[in-house]
Amino acid sequence: MVALYVGGEKVGTLADLERLLPELSAKRQAAELRDDTGNRLCTIAPEPPPLAPGEPLVPWDPTITLEELNRRAAEPGFTIEEVRKRLGWA
C-alpha cells in the first residue's frame, strides 16, 4: 500500500491524494508518497510562485540580471581539491 505523508506525518493513502492535493497546494505544502516499508517513492511539491512584475531575481542584489546569472552559471567552477587548497585545507 502507498501512503501519503506531509511533514513526516502520515495523512492518508494514495486513494486520498485527489481529495488532499488541492488543500496541500493551497497551503504550498510538499507531500511524499511512501511504500509500506517507509521508502520515499516520490515527492510532490508546488512550484514557487512567479516573480511579481518588477521584483528582482536576487533580492539581496537587485542589480543582477538573468543574463548575468546565465553568464555566471556558464563559467567553469572549481573542483573540491581546488576549493580545499584555496581554503588552506590541503
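Details of the structure are given in the entry above.
What counts as what
- Residues numbered from 1 in each chain as written.
- Predicted model: local features only at pLDDT ≥ 70, side-chain atom pairs only at ≥ 80, totals over all residues.
- Heavy atoms only, no water.
- Helix = DSSP H or I, 4+ residues; strand = E, 2+ residues; numbered from the N terminus.
- Polar contact = N/O pair within 3.5 Å; in protein donor to acceptor, adjacent residues only side chain to side chain.
- Contact = heavy atoms within 4.5 Å.
- Salt bridge = Lys/Arg side-chain N within 4 Å of Asp/Glu carboxyl O.
- Buried < 20%, exposed > 50% of the residue type's maximum accessible area, 1.4 Å probe, protein only.

Take Glu-32: it is sitting in strand β3 (residues 31-34). Only 2.6 Å separates the side chain of Glu-32 from the side chain of Arg-34, close enough to count as a polar contact. Discounting residues that sit within four places of it in the chain, Glu-32 has contacts with Ala-3, Leu-4, Tyr-5, Arg-40, Cys-42 and Thr-43.

As a further point, take the pattern of salt bridges. Summed over all chains, the structure comprises 7 salt bridges. The closest approach of N and O atoms between Arg-19 and Asp-16, which form a salt bridge, is 3.6 Å. In this structure, Arg-72 engages Glu-68 in a salt bridge whose closest nitrogen and oxygen atoms are separated by 2.7 Å. Taken together, the residues Arg-72 and Glu-68, both in helix α2 (residues 66-74) and 4 residues apart, mark about one turn of the helix. What makes Glu-68 partly exposed here is its relative accessible area of 22%.

Attention now goes to the environment of Met-1. Along the chain, Met-1 turns up in the segment before β1 (3-6). What makes Met-1 exposed here is its relative accessible area of 64%. Along the backbone, Met-1 and Ala-15 are 14 residues apart, and their C-alpha atoms lie at a distance of 9.9 Å. Beyond its immediate chain neighbours, meaning those up to four positions away, Met-1 contacts Thr-13, Arg-34, Asp-35 and Asp-36.

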